[in-house]
Amino acid sequence: MTEAETPRTGKRVLLANPRGYCAGVDRAVQTVEEALKLYGAPIYVRKQIVHNKHVVHTLEAQGAIFVEENEEVPEGATVIFSAHGVAPEVYEQARERSLRAIDATCPLVTKVHHEARRFAAQDYDILLIGHEGHEEVIGTAGEAPAHIQLVDGPDSVDQVTVRDPEKVVWLSQTTLSVDETLETVARLKQRLPLLQSPPSDDICYATSNRQHVVKEIAPECDVVIVVGSRNSSNSVRLVEVALDAGARAGHLVDFAHEIDDAWLTGARTVGVTSGASVPDELVQQVLARLAERGFADVEEITTADERLTFSLPQELKRDMKAAVAARG
Ligand code: SF4
């Protein structure tokens, strides 16, 4: 249907931009795809490569096998570590099993690992703000377990104990709510006025940009639909941010068919966005479903221009080059 033919229903969609894939997710998914091409199936992937059902199922169909731990990978096979990062002991286990390990950890997560190691080497107490049990937090904490304690949001601040209040630093998971983290830090600083901040933001550009644009559109929205999986931290945060910023309702869906028509009853403006691990085809399917229900008028609201890309892991690039050279 052309724009001229689109019926004017008074209903509209505000489509957030930036949304969806970030540089780290793009790199991690490409890592699995290129490894499948280079080494052939199966390729083992420790944990979900990124937290998105559709991505995981698509890669499974191409020959990726997702496992929870290295011990499920046959000796000598290829294993890829997910974008969320792993503790040093996981590399060690891979060496012991003679696995060919390819590390798809996002470089922005690796940066937080480096900070953790550096401050631990200087004997700091490190307060890691993050969600208990999240893979990224487990990986980062594993860099220096004796120095790191988890702070899971503002309500956990009272449980913090440190050895020397003059030698404490906070770091964070990359996919947190920016506003909630600021609140946690403010409360920590009330208790520990000399608390140091990370050398640069740990919450990554993709997380902040996606939250920022949702804050812009949410006050105008009767409902905000976030495309993303329930175990995706940054997707779940987008629903919370939308509600905090004034959206009257917010829902997380993996797929368009999960949209309940009751959510749209009486709505004039629907906001749409997606988490950093979501391919845009899933958003397009959501837009198509909304169009069928009278929400064909889509206005894209852009608040940032993202151009960051990351190159593939060195170990994979090296083998890709060698394969090209061998073919002559
Ligand atoms: S959300 Fe941020 S930290 Fe996570 S993979 Fe994407 S760019 Fe990296």
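Anyway, here's the lowdown on the structure attached to this text. The structure displayed is predicted, hence computed values, not measured ones.

1. Thoughts on the overall build of the protein
The helix and strand inventory of the protein stands at 11 helices and 12 strands. Over its C-alpha trace the protein gives a radius of gyration of 22 Å, about what one expects of a compact globule, namely 20 Å for 328 residues. Split into buried and exposed, the 328 residues of the protein put 51% on the buried side. Restricting to contacts in the protein with at least 6 residues of sequence separation, those with at least 24 account for 76%.

2. Some points on the site of the ligand
Taken together, C22, G24, V25, C106, L108, V109, T174, T175, C204, Y205 and A276 make up the full set of residues adjacent to the ligand. In this structure, the ligand is accommodated by the largest cavity. Listed by contribution, the elements that provide at least two residues to the shell around the ligand are helix 1 (23–39) and helix 4 (107–121). Among the residues forming the shell around the ligand, the class breakdown is 8 nonpolar, 3 polar and no charged.

3. Here's the deal with the pairing of strand 6 (residues 125–129)
Of all 5 residues making up strand 6, 5 are buried, and the element is well covered by its neighbours. Side chains D125, L127 and I129 project from strand 6 onto one buried face, and the interleaved I126 and L128 project onto a second face that is buried too. Bridge count for strand 6 against strand 8 (residues 168–172) is 5 bridges, and the pairing is parallel. Directly across from L127, in strand 8, lies its bridge partner W170. One ladder, built from 4 bridges, connects strand 6 with strand 7 (residues 148–151); its direction is parallel.

4. Considering a negative patch on the surface
Together, E132, D152, E180 and D244 make up a region of like negative charge exposed at the surface. With respect to the helices and strands, the residue E132 is situated in the loop between strand 6 and helix 5 (135–141).

5. Digging into unusual backbone geometry
Across the junction of N17 and P18, the peptide omega takes the value 5 degrees, indicating a cis bond. Note on placement: P18 falls in the loop between strand 1 (12–17) and helix 1. In the segment running from A41 into P42, the intervening peptide bond is cis, with an omega of -5 degrees. On the secondary structure map, P42 appears in the loop between helix 1 and strand 2 (43–46). One non-glycine residue with positive phi stands out, namely S98, at about 55 degrees. At D123, a residue that is not glycine, the phi angle is positive and equals roughly 65 degrees.

6. Structural notes on the packing of aromatic side chains
Throughout the structure, instances matching the rule amount to 2 aromatic pairs. Taking 5.4 Å as the distance between ring centres and 85 degrees as the angle between the ring planes, the aromatic pair formed by F81 and Y91 counts as edge-to-face. Of this pair, F81 sits in strand 4 (residues 78–81) while Y91 is found in helix 3 (residues 88–96), placing the two residues 10 residues apart along the sequence. Among the residues examined, F81 registers a relative accessible area of 0% and is labelled buried. When its relative accessible area of 28% is taken as the criterion, Y91 is described as partly exposed. The interplanar angle of 75 degrees and the centroid separation of 5.1 Å between the aromatic rings of F119 and Y124 together place this pair among those described as edge-to-face. One exposure class covers both F119 and Y124, and it is buried.

7. Regarding the environment of T9
Secondary-structure assignment places T9 in the segment before strand 1. Assessed through its relative accessible area of 31%, T9 is described here as partly exposed. Through-space distance from the C-alpha of T9 to that of R268 is 8.9 Å; in sequence the pair is 259 residues apart. The contacts of T9, once residues within four sequence positions are left out, are R268 and G294.

8. Things to note about the packing of helix 7 (residues 205–217) against helix 8 (residues 233–244)
Here helix 7 crosses helix 8 at 25 degrees, and the two axes come no closer than 9 Å. It follows from the interaxial angle that helix 7 and helix 8 lie roughly parallel. Two packed elements cross with a definite hand, and for helix 7 against helix 8 that hand is right-handed. Residues T207, R210, Q211, V214 and K215 of helix 7 touch helix 8, and the partners they reach there are N234, R237, L238, V241 and A242. Tallied by class, the residues present in the contact of helix 7 with helix 8 amount to 4 nonpolar, 3 polar and 3 charged.

9. Some points on the sheet that holds strand 5 (residues 100–103)
With parallel pairing, 4 strands are arranged side by side in an open sheet as 3-2-4-5. Sheet topology places strand 3 (64–67) and strand 5 at the edges, where each strand pairs with a single neighbour. Across the sheet, the mean angle separating the axes of adjacent strands is 30 degrees when strand polarity is ignored. Where strand 2 and strand 4 come together, 3 bridges link them in parallel fashion. Bridge assignment links V45 to a residue of strand 4, and that residue is I80. Sitting on the sheet, helix 3 is in contact with strand 2, strand 4 and strand 5, with an inclination near 175 degrees to strand 4.

Calculation notes
- Residues numbered from 1 in each chain as written.
- Predicted model: local features only at pLDDT ≥ 70, side-chain atom pairs only at ≥ 80, totals over all residues.
- Heavy atoms only, no water.
- Helix = DSSP H or I, 4+ residues; strand = E, 2+ residues; numbered from the N terminus.
- Rg over C-alpha atoms; globule rule 2.2 N^0.38 Å.
- Buried < 20%, exposed > 50% of the residue type's maximum accessible area, 1.4 Å probe, protein only.
- Contact = heavy atoms within 4.5 Å.
- Near = heavy atom within 4 Å.
- 1 Å grid on protein atoms, 1.4 Å probe; cavity = no way out; pocket = protein on both sides within 12 Å on 5 of 7 lines; lining within 4 Å.
- Sits in = over half its atoms within 2 Å of the grid points.
- Nonpolar A, V, L, I, M, F, W, Y, C, P; charged D, E, K, R; others polar.
- Pairing = 2+ DSSP bridges.
- Patch = residues over 30% accessible without salt bridge, like charges linked within 9 Å, V, L, I, M, F, W, Y side chains within 5 Å.
- Areas by Shrake-Rupley, 256 points an atom, 1.4 Å probe, with all protein chains shown as cover.
- Salt bridge = Lys/Arg side-chain N within 4 Å of Asp/Glu carboxyl O.
- Lys, Arg positive; Asp, Glu negative; His and termini not counted.
- Charge placed at Lys NZ, Arg CZ, Asp CG, Glu CD.
- Phe/Tyr/Trp six-rings, centres within 6.5 Å; stacked < 30°, edge-to-face > 60°.
- Axes fitted to C-alpha atoms, helices over the stretch in contact; angles between N-to-C directions.
- Parallel < 35°, antiparallel > 145°, perpendicular 65-115°, else oblique.
- Left-handed = near helix turned anticlockwise from the far one by under 90°.

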